[in-house]
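Letter by letter, the chains look like this.
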Amino acid sequence: MAEYDPQAIEKKWQQEWDRTGVFRAETDPTRPKYYLLEMLPYPSGTLHMGHMRNYTIGDAVARYHRMRGYNVLHPMGWDAFGLPAENAAIQNGTHPRAWTNANIVEFRRVLRRFGFSYDWQREISTCEPEYYRWNQWFFLRMLEKGIAFRKKSRVNWCPQCQTVLANEQVIEGYCWRHETTLVEQKELEQWFLRITKYSDELLEDMDQLTDGWPERVLVMQQNWIGKSKGARVRFDVDGIAGLGLEVFTTRIDTIYGVSAVLLAATHPSLDRLLDGVPGRAAMDERLRAMRQSSVKAADIATAEKVGFFTGRFAINPFSGERVPIWVANFVLIEYGTGAVMCVPAHDQRDFEFAEKYSLPLKIVIQPLQGNLLRLDRMSEAYTEHGRLEESGPYTGLTSDEALERMAADAKSKNFGSSEITYRLKDWGISRQRYWGTPIPVLYCEKDGIVPVPDDQLPVRLPEDVALTGQGQSPLAGVPEFVHAKCPKCGGPARRETDTMDTFVDSSWYFYRYTDPHDDCAPFDKKIAAYWFPIDQYVGGITHAILHLLYSRFFCKVMRDLGLVNNDEPIARLFTQGMVQKGGVAMSKSRGNVVGAIDMADKYGCDTGRMYTLFAAPPEKDLEWNEQGIEGSSRFLNRVYRLIEKHAGPLKSIAVDWNASVDLASATPKEKNLIRKAHQTLKRVTNDFEIRWHFNTSVALIMELVNELSAQEPLEQDVSPIVLKRVLAMLVLMLAPMTPHIAEELWEILGNSTTLSRESWPLYREDLTREEQIEIIVQINGRVRGKFLVDDSASEDETRKRALNDPRIAALIAGKEILKVIVVQKKLVNIVLK
RNA sequence: GCGGAAGUGGCGGAAUUGGCAGACGCGCCAGCCUUAGGAGCUGGUGGCCGUAAGGCCGUAGGGGUUCGAGUCCCUUCUUCCGCACCA
């Protein structure tokens with residue numbers, strides 16, 4: 001008898017799938033489509049079982065939908081630009097392209113080894129000019145629309161390397177290559193994409209995603225966009241005519257409690273403000289220190305609040321009060337106006353600041369209910385809404401009333417207005433890096449910023465570049481790249497030497513899959529319209545914000561360019577859990593990886609696939625357990641032996657799913673098997689359609705196999721037709737999860753056509769039903785007995801059976817029955833006094 | 001601090017609609033088979049009491065709703081994740 005040989009079987013079927021091209025997707029509007037996508041990988045390091053889990057989930061769903069008759073698009077590609085390739089080049093002297101392509105070869109080999117049902121003809125790699133020219137094309141369209149623009153922005157700067165550092169290259173505030181060199185901040189002119197233009201739409205369109213996206217991802221994006229309603233109010237500076245300080249506040253109702261105006265250390269008005277103030281030199285010194293220390297976000301939250309008085313005063317436009325102007329380290333220049341009003345009684349940060357510097361407190365909001373606030377009893381700020389006091393004409397109003405009326409009054413008196421602010425900032429895409437998409441603009445002395453004309457795309461990345469990790473952008477050191485002709489005047493021009501953030505590449509790649517070889521456009525509108533939106537996207541939670549938000553933004557820009565019809569690119573998103581070992585995520589740097597190839601070599605990829613699906617529900621983190629794999633391996637061996645053993649006489653029997661099943665003449669064994677098979681199929685189908693809990697699908701299929709074993713010998717009292725049907729159902733249910741062994745078993749059962757073109761079988765409700773149902777009898781909620789009734793038993797019959805059951809009768813004899821609850825087909829609960 | 005998710009045997013987990021808690025698997029125990037077993041097969045396996053029949057307890061803690069709660073409500077605790085001085 002042949003043994004299960006996963007290595008031979010897996011190779012055999014992968015070759016067969018390649019030969020017949022079963023997974024190729026054809027754009028065919030007459031067929032219902034299903035676009036299933038896993039996030040494209042960054043080809044670096046080794047693929048381990050954490051990656052494989054992601055692809056296994058996606059592949060099972062793709063294969064299931066193919067079996068359901070959908071035209072499935074399931075592509076794969078490479079997020080091939082990025083910093084690690086450049087770092088490897090600096091450290092090992094390899095070219096980023098050589099390093100990246102070697103990784104791609106390895107990744108492709110591993111993914112093929114696992115038999116994922118990709119349409120490899122659609123493979124893309126973002127570092128190829130055929131791909132990145134469209135990044136440039138999109139950039140130019142955005143430039144035309146005013147969505148791409150240029151402004152000054154801060155970057156991390158290592159004075160030792162004399163180069164810009166990515167955030168990943170800043171380690172605890174120090175340079176990654178110089179452990180003792182503190183990273184500084186430097187201002188550079190950079191390119192930005194105006195994602196903030198879509199702030200509201202990005203927020204509102206989340207309504208379209210509530211059914212298909214995990215709530216926590218939506219919440220994270222919502223917080224990231226951070227919309228808040230408030231008001232801008234101008235405080236005039238005493239003694240400097242025309243210099244008004246605009247503050248942003250969400251609590252204009254507390255404005256009669258202002259003790260000071262606080263400015264960020266980089267506030268643009270500081271220069272004028274401090275002009276002629278005594279002690280200016282010392283203040284400049286403090287400002288310099290404050291500006292430098294604001295490098296690290298994590299420290300900022302816990303840093304002590306510090307500040308100093310500028311010597312100037314501002315006038316509260318509501319009360320006319322004169323309040324001091326301070327500089328404070330906790331005021332953010334990036335948010336609001338970079339200036340806030342300090343209301344110590346009603347803001348916790350202001351409370352702490354005022355306590356430290358002895359600024360006065362004034363209560364102007366009292367709780368609507370409960371004890372009134374008293375200054376001598378306050379140990380923290382009262383930040384709730386309430387009723388105004390000591391607030392001039394607004395005294396007595398509620399906060400809600402005052403918020404509206406005071407903003408309106410500020411507007412009519414011309415010193416303020418209501419305003420909505422967002423936390424979301426425009427997307428800085430300039431990188432002073434080599435291994436990325438060149439930004440397609442030129443700088444001409446005469447014409448200024450000149451876009452590269454479309455017919456000159458792509459602006460190719462030169463291959464021969466010295467990567468030292470030092471100096472300015474690597475491309476700036478390539479004269480033949482830098483020096484160019486101005487397309488407008490023909491005079492000398494300098495090329496932009498920055499490259500694009502690689503998040504640009506991954507913001508639209510899924511459109512390219514629909515039409516990957518188009519050299520006239522990023523993709524064909526009609527083809528994309530057929531495949532979009534993505535029906536199911538599968539990936540890690542790590543991309544919950546940036547990648548997914550940028551992708552949504554790109555979709556809206558493309559819609560406004562008339563390229564796509566959807567507001568949202570992704571209908572459903574699934575975020576799978578991580579694979580852990582020793583309680584932490586697998587990663588090469590931690591040295592706790594289980595290599596995908598090692599797994600496949602030792603057990604076969606089907607075993608690896610089954611284990612990752614079985615060991616935990618897909619959204620949960622999964623702790624890798626070598627003994628658990630043995631279990632999955634054992635199970636596949638059992639199934640193989642079971643079918644091998646019985647297949648002989650079944651080979652020539654054709655399975656006709658439409659043929660009626662005559663239960664009346666079936667033997668008890670047959671009834672058991674048919675019922676179990678249809679019950680299993682019903683629940684597994686539900687797992688694929690709705691629940692996405694493949695761990696229970698595997699468990700159910702294991703139960704079916706256990707039932708088959710329990711009914712041995714299957715040659716007795718089971719007709720070959722029934723047995724063949726049940727075994728065929730078993731194999732078809734395994735097909736999405738462990739496709740290679742399923743194909744092999746399908747063949748062993750006598751089929752000559754590939755399983756990958758078979759349909760998912762349909763369960764029959766009438767065949768899932770039990771003839772007899774076990775009823776639980778409870779007394780006061782405790783189980784006291786059980787009995788069997790016919791499926792058709794009435795409520796009355798069930799009640800009588802329960803009360804007449806000898807054991808129950810004895811237990812309730814002489815007691816008063818208050819109530820009898822009958823839940824048909826489930827239980828009877830007798831309530832005694 | 002704000003937001004989110006979770007807490008069930010020795011372990012991973014199941015319980016889909018409020019109805020037998022622990023499916024399925026791992027591990028462990030016993031037996032069979034075998035020259036051998038890190039192969040295969042059969043059976044057992046939440047805790048306590050009991051020879052047994054059976055009983056009691058049990059889903060992080062406390063309270064509530066209900067004939068009935070892992071599931072619903074209130075509350076406390078713990079863990080993990082995200083954001084973090086956002087005015």
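None of the values given here were measured: they were computed from a predicted structure.

This part covers the overall build of chain A. Looking only at helices and strands, chain A features 26 helices and 34 strands. By its C-alpha atoms, chain A is 105 × 85 × 50 Å across when sized along the principal axes. Considering only residue pairs separated by 6 or more positions, chain A has 73% of its internal contacts joining residues 24 or more positions apart. Accessible surface computed for chain A: about 37,600 Å², of which carbon and sulfur atoms make up 49%. Each charge class in chain A was averaged separately, 103 positive and 111 negative side chains, and the resulting centres sit 2 Å apart.

Now for the pairing of strand E21 (residues 441-444). Burial along E21 is two-sided: Val441 and Tyr443 facing one way and Leu442 and Cys444 facing the other are all buried. Here E21 pairs with strand E22 (residues 448-451) via four bridges, running antiparallel. Along E22, the bridge assignment pairs Tyr443 with Ile449. Linkage of E21 to E22, two consecutive antiparallel strands, is achieved through a turn of three residues. Looking at chain direction, E21 and strand E24 (residues 492-495) are connected through three bridges and run antiparallel. Across the sheet, the residue bridging to Tyr443 is Arg494, located in E24.

Right, let's talk about the sheet that holds E24 for a bit. Here we have four strands laid out as an open sheet, ordered E22-E21-E24-E23, and antiparallel in their pairing. Since the sheet does not close on itself, it has two edges, and those belong to E22 and strand E23 (483-485), each with one partner. Each strand of the sheet is rotated relative to its neighbour by a mean of 40°, with strand direction disregarded. One ladder, built from three bridges, connects E23 with E24; its direction is antiparallel. Bridging from a neighbouring strand, Ala484 pairs with Ala493 of E24.

Right, let's get into empty space enclosed by the protein. The final tally for this structure, using the stated rule, is four cavities of 30 Å³ or more. Its volume calculated, the largest cavity comes out at about 90 Å³. Lining the largest cavity are Phe23, Arg63, Arg66, Met67, Ala735, Pro736, Pro739, Glu743, Leu755 and Ser756. Among the secondary structure elements, those contributing two or more residues to the lining of the largest cavity are helix H2 (49-67) and helix H23 (739-748). The class makeup of the residues in the lining of the largest cavity is six nonpolar, one polar and three charged.

Another aspect to go through is the protein's contact with RNA strand B. Around RNA strand B sit 56 residues in total, of which Thr250, Lys305, Arg349, Ala615 and Arg683 are the nearest. At a separation of 3.2 Å, a sugar or linking oxygen of RNA strand B approaches a polar side-chain atom of Arg641. Separating a phosphate oxygen of RNA strand B from a side-chain N or O atom of Lys819 is a distance of 3.1 Å. It is helix H21 (residues 694-710) that contributes the most residues to the surface near RNA strand B, six residues altogether.

Strand direction decides the pairing type here: strand E31 (residues 772-779) and strand E34 (residues 827-832), joined by four bridges, are parallel. The partner of Gln778 across the bridge, within E34, is Asn829. Pairing analysis gives six bridges linking strand E33 (residues 817-823) to E34, with the strands arranged antiparallel. Residue pairing across strands places Lys819 opposite Val831, the latter belonging to E34. Linking E33 to E34, which pair antiparallel, is a turn of three residues; within it Lys825 sits at a positive phi near 65°.

Next up on the list: the domain arrangement of chain A. In terms of domain boundaries, chain A breaks down into domain 1 (228-421), domain 2 (440-497), domain 3 (626-768) and domain 4 (772-832). With centres defined by C-alpha atoms, the gap from domain 3 to domain 4 works out at 36 Å.

Within the secondary structure layout, Ser633 lies in helix H19 (residues 626-647). On the basis of relative accessible area, Ser633 is assigned to the buried category, the value being 13%. Other than its neighbours up to four places away in sequence, Ser633 contacts Tyr603 and Thr607.

This next bit is on the nonpolar core. Membership of the largest hydrophobic core comes to 116 residues, with the highest contact counts inside it found for Met52, Leu111, Tyr511 and Tyr537. When sequence neighbours within four positions are dropped, the list of residues in contact with Met52 reads Leu47, Val110, Leu111, Phe114, Phe116 and Ala596. Counting 67 residues, the second largest nonpolar core, distinct from the first, contains Leu700, Ala728, Met737 and Trp746.

Each value, and the rule that gives it
- Residues numbered from 1 in each chain as written.
- Chains lettered and ligands numbered in written order.
- Predicted model: local features only at pLDDT ≥ 70, side-chain atom pairs only at ≥ 80, totals over all residues.
- Heavy atoms only, no water.
- Helix = DSSP H or I, 4+ residues; strand = E, 2+ residues; numbered from the N terminus.
- Contact = heavy atoms within 4.5 Å.
- Areas by Shrake-Rupley, 256 points an atom, 1.4 Å probe, with all protein chains shown as cover.
- Lys, Arg positive; Asp, Glu negative; His and termini not counted.
- Charge placed at Lys NZ, Arg CZ, Asp CG, Glu CD.
- Buried < 20%, exposed > 50% of the residue type's maximum accessible area, 1.4 Å probe, protein only.
- Pairing = 2+ DSSP bridges.
- Axes fitted to C-alpha atoms, helices over the stretch in contact; angles between N-to-C directions.
- 1 Å grid on protein atoms, 1.4 Å probe; cavity = no way out; pocket = protein on both sides within 12 Å on 5 of 7 lines; lining within 4 Å.
- Points joined across faces, edges and corners; volume = space filled by probe spheres on them.
- Nonpolar A, V, L, I, M, F, W, Y, C, P; charged D, E, K, R; others polar.
- Near = heavy atom within 4 Å.
- Polar contact = N/O pair within 3.5 Å; in protein donor to acceptor, adjacent residues only side chain to side chain.
- Domains from an automatic or database assignment.
- Core = buried A, V, L, I, M, F, W, Y, C linked by side-chain atoms within 4.5 Å.

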